[in-house]
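Coordinate inspection notes
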Amino acid sequence: MPHTVPRRVVVGISGASGIPYAKDLLESLRLCGDLEVHLVATEGARRVAADELGIPLDELAGLADVVHANRDVGASIASGSFRTLGMVVVPCSATTLSKVAYGVCDNLVTRAAYVHLKERRPLVLVPREAPLPLPTLEAMVKAAQAGATILPASPGFYSRPKSIDDLLGFVTQRILDLLGLVLDRSPRWKEG
Ligand SMILES: Cc1cc2nc3c(=O)[nH]c(=O)nc-3n(C[C@H](O)[C@H](O)[C@H](O)COP(=O)(O)O)c2cc1C
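The text that follows walks through the structure, step by step, so that each part is easy to find. (Residues numbered from 1 in each chain as written. Predicted model: local features only at pLDDT ≥ 70, side-chain atom pairs only at ≥ 80, totals over all residues. Heavy atoms only, no water.)

Attention now moves to helix α4 (residues 108–118). Given 3.6 residues per turn, any residue in an α-helix points the same way as the ones three and four places further on. Among the 11 residues that make up α4, 8 are buried, leaving the element largely enclosed by the rest of the structure. Listing the buried residues of α4 in full gives Leu108, Val109, Thr110, Ala112, Ala113, Val115, His116 and Leu117. A distance of 3.0 Å separates the backbone nitrogen of valine 109 from a side-chain oxygen at the start of α4, and that oxygen is part of asparagine 107. At the exit of α4 stands arginine 120, carrying a positive phi of roughly 60°. (Buried < 20%, exposed > 50% of the residue type's maximum accessible area, 1.4 Å probe, protein only. Helix = DSSP H or I, 4+ residues; strand = E, 2+ residues; numbered from the N terminus. Polar contact = N/O pair within 3.5 Å; in protein donor to acceptor, adjacent residues only side chain to side chain.)

Okay, structure coming up:
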C-alpha cells in the first residue's frame, strides 16, 4: 500500500489582533474538502477574540474537526509522529513568534509549531504588530532560518479590495497556497 500524508492541518490562534483572519481561514479550510482541521488557541487569543469577534472563541470550534486545549501538551499534534500537511499560527503574537523562534514549548501552540519545524513540515506564522521592535524582528529572522514562513498580516491592495472580506481573503489565499491547499479564495495577479 502506498503511504500518503493524511490530509490534516493544524491551526493555532494566538493573542495578536487579527482573529478574523483565523475565522476566515477556518471557513475556507471547510471548503477544501476531505481535510481534518486541528484547532488550538492560546489564552491570549481568547482575550483578543472577545474584543474582535464579539463572540467567544469557542464558537469557532464547529469549524474544526478536533479542538485541543492549549495546556494539553500530550495531544496528538504535540508529537512528530502525528503526520500533517502543515501548521499555521494566525494571527501570531510577538510572544508566540518569539517562543517558536527560540524553541520554547510551554503550551500546545508552541509545541506543535516546534514539532513542525523539527519534522521540516510547513509552518506559516502570520504576525500582526506595528511598529516592529528589534526583538520581534530578530525572532522573525530566527524563525525563518529554522524553516518557518513569515507571512505578515498585511494584505495587498493591487486587487482593489472593496471589503474587509476581500482583505481577509488576500491573507487566507496566501496561507492556503503555502500549505499546498487548492481553493480560490481571492483573485490572483493577472489571473482575473
Ligand atoms: C486587544 C488586544 C490586542 C492585542 N494585539 C496584539 C497584536 O496585534 N500583536 C501582538 O503581538 N500582541 C498583541 N496583544 C498582546 C498579546 O495578546 C499578549 O502579548 C499575549 O501575552 C500573547 O500571548 P499568546 O501568544 O500566548 O497569545 C494584544 C492584546 C490585546 C488584549
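Once you've had a look at it, read on.
The element strand β4 (residues 86–92) is largely enclosed, with a buried count of 7 among its 7 residues. Of the two faces of β4, the one lined by Gly86, Val88, Val90 and Cys92 and the one lined by Met87, Val89 and Pro91 are each fully buried. Inspection of the sheet shows β4 paired to strand β5 (residues 123–127) by 4 bridges, in the parallel sense. Within the sheet, the bridge partner assigned to valine 88 lies in β5 and is valine 124. (Pairing = 2+ DSSP bridges.)

The biggest cluster of nonpolar side chains holds 35 residues, and the ones touching the most others in it are Val11, Ile13, Leu29, Val88, Val90, Val126 and Ile175. Elements that contribute at least two residues to this core include exactly β1 (8–13), α1 (19–32), β2 (36–41), α2 (43–52), β4, β5 and α6 (164–178). The dominant element in this core, judged by the number of residues it contributes, is α1, at 7 residues. In this structure, valine 11 is in contact with Leu25, Leu26, Leu29, Val37, His38, Leu39, Val40, Val88 and Val90, ignoring residues within four places of it in sequence. Ranked by size, the runner-up nonpolar core spans 23 residues in total, among them Val100, Leu117, Leu125 and Ala148. (Core = buried A, V, L, I, M, F, W, Y, C linked by side-chain atoms within 4.5 Å. Contact = heavy atoms within 4.5 Å.)

With that out of the way, let us pick up the site of the ligand. Among the 16 residues in the neighbourhood of the ligand, the closest are listed as Gly15, Thr42, Ser93, Thr96 and Arg128. A distance of 3.4 Å separates a nitrogen atom of the ligand from a polar atom in the side chain of glutamate 129. Those elements that provide at least two residues to the shell around the ligand are α2 and α3 (94–101). In terms of residue count, α2 provides more of the shell around the ligand than any other element does, 5 residues in total. Looking at the shell around the ligand residue by residue, the classes come out as 4 nonpolar, 8 polar and 4 charged. (Near = heavy atom within 4 Å. Nonpolar A, V, L, I, M, F, W, Y, C, P; charged D, E, K, R; others polar.)

With that settled, the discussion passes to the environment of tyrosine 102. When you line up the elements, tyrosine 102 lands in the loop between α3 and α4. With 33 residues separating them in the primary sequence, tyrosine 102 and alanine 69 have C-alpha atoms 22 Å apart.

This next bit is on the packing of aromatic side chains. Per the counting criterion, the structure on display carries 2 aromatic pairs. With centroids separated by 5.7 Å and ring planes inclined at 70°, the aromatic side chains of tyrosine 158 and phenylalanine 170 adopt a geometry described as edge-to-face. Placement of tyrosine 158 in the loop between β6 (149–150) and α6 and of phenylalanine 170 in helix α6 is noted, with a sequence separation of 12 residues between them. Judged by relative accessible area, tyrosine 158 falls into the partly exposed class, the value being 43%. Take phenylalanine 170: its relative accessible area is 10%, and that puts it in the buried class. Judged by centre distance (5.4 Å) and plane angle (75°), the rings of tyrosine 158 and tryptophan 189 are edge-to-face. Pair noted here: tyrosine 158 is in the loop between β6 and α6 and tryptophan 189 is in the segment after α6, with a separation of 31 residues, a long-range link. (Phe/Tyr/Trp six-rings, centres within 6.5 Å; stacked < 30°, edge-to-face > 60°.)

By themselves these figures say nothing about function.
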